[in-house]
Structures are given as structure tokens and as C-alpha cells.
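Chain residues, written in single-letter form:
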Amino acid sequence: QVQLVESGGGLVQPGGSLRLSCAASGFTFSRYAMSWYRQAPGKERELVAAITSVGDGTNYADSVKGRFTISRNNAKNTVSLEMNSLKPEDTAVYYCKAAFAWRNYWGQGTQVTVSS
């Protein structure tokens, strides 16, 4: 059974940091590109960051470049998103996604709220 379980969300003040993690099981993690998406209330889900299957390439939304870092550990089947200098506009539900060929798997999401 495929599972993607996100953790690490919460309430943080502007300028603060959070680290999200996504634990994967039920598929061959090292074959899949991994990414983080987010969806704010009333907005479409958007790509935040992505990393190749072996971790040799990343890309980021312009809005998070220089503040967020995606990484993965294929030995532990995890992908992480380090988020620094958080802004209120980063408030959203953050989702982990695995993609390989036509297969796409999603986690259930974790809430990140940036507010004073």
C-alpha cells in the first residue's frame, strides 16, 4: 500500500523556520521524482519545489527561491523541505508528491501557518 505521510507543519511567526518531512512507503522511492506543492485557501495548488529521483537536480518556485531547500534521503525513503524566512503568504497546506512515468502519489498534507 502506497503511503506518503507529511509532518512538521505548524504555526510560526514571520521570519521563522520550519522543516517539513515526508515519509514514503509501498513503492520504490528511489525511482520517483519528489516534489512539494502547496494550496492556500481559495487558490490553486502550486508547485513549491522538486527534486530528481537521485537528488542531482532541484527546482523551485520563484516565490521561494533562496528561502526553501528540498532534499531527499533514498536510504530512509524521505524527502524534506527546509523553509526559512517564512512569510504570511507561505501559509498553506503543503503536500508531498511522488511521480514516476504515469504514476502520481500524494500525501494528505500538513498545515503551515505563518502569523504573528
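Scoring rules and cut-offs
Residues numbered from 1 in each chain as written. Predicted model: local features only at pLDDT ≥ 70, side-chain atom pairs only at ≥ 80, totals over all residues. Heavy atoms only, no water. Disulfide = S-S within 2.5 Å. Helix = DSSP H or I, 4+ residues; strand = E, 2+ residues; numbered from the N terminus. Core = buried A, V, L, I, M, F, W, Y, C linked by side-chain atoms within 4.5 Å. Buried < 20%, exposed > 50% of the residue type's maximum accessible area, 1.4 Å probe, protein only. Contact = heavy atoms within 4.5 Å. Phe/Tyr/Trp six-rings, centres within 6.5 Å; stacked < 30°, edge-to-face > 60°. Lys NZ or Arg CZ within 6 Å of the ring centre and 35° of its normal.

Give me the state of the cysteines: which residues, what numbers.
Scanning all chains against the criterion turns up one disulfide. Across the disulfide, Cys22 is cross-linked to Cys96 (sulfur-sulfur distance 2.2 Å). Linking Cys22 and Cys96, the disulfide has an S-S dihedral of approximately -80 degrees and is accordingly described as left-handed. Highlighted residues: Cys22 in strand β3 (residues 18-25) and Cys96 in strand β9 (residues 92-100), separated in sequence by 74 residues.

Outline the nonpolar core, listing residues and values.
Soluble, globular proteins show a tendency: their nonpolar side chains are buried together. In terms of nonpolar packing, the biggest core is built from 30 residues, with Met34, Trp36, Val79, Leu81, Met83 and Tyr94 touching the most fellow members. Only β3, β4 (33-39), β5 (46-51), β7 (68-73), β8 (78-83), β9 and β11 (110-114) provide two or more residues apiece to this core. Discounting chain neighbours no more than four positions away, the residues touching Tyr94 are Glu6, Leu20, Trp36, Tyr37, Arg38, Val48, Phe68, Leu81, Met83, Gly109, Thr110 and Val112.

Please set out the environment of Ser35 residue by residue, giving values where relevant.
Mapped onto the secondary structure, Ser35 falls in strand β4. Look at Ser35 and you get buried, because its relative accessible area is 7%. Distance in space between the C-alpha atoms of Ser35 and Arg45 is 12 Å, their sequence separation being ten residues. Not counting residues up to four positions away in its chain, the partners in contact with Ser35 are Leu47, Ala49, Ala50, Ile70, Tyr95, Cys96 and Lys97.

Outline the packing of aromatic side chains, supporting the account with residue identities and numerical values.
Applying the stated rule across the entire model yields seven aromatic pairs. Taking the centre distance of 5.3 Å and the plane angle of 50 degrees together, the rings of Tyr32 and Phe100 count as tilted. Here Tyr32 is found in the loop between β3 and β4, whereas its partner Phe100 is found in strand β9, with 68 residues between them in sequence. Accessibility expressed as a relative area gives 4% for Tyr32, which makes it buried. Classification of Phe100 by relative accessible area gives partly exposed; the value is 32%. Where Tyr95 meets Trp106, the ring centres are 6.4 Å apart and the plane angle is 80 degrees; that geometry is what we call edge-to-face. Of the two residues, Tyr95 is situated in strand β9 and Trp106 in strand β10 (residues 103-106); the sequence distance between them amounts to eleven residues. Following the ring pairs from residue to residue traces out a cluster consisting of Phe27, Phe29, Tyr32, Phe100 and Tyr105. Seen from the ring of Tyr95, Arg45 lies directly overhead, with NZ or CZ sitting 3.7 Å from the centre.

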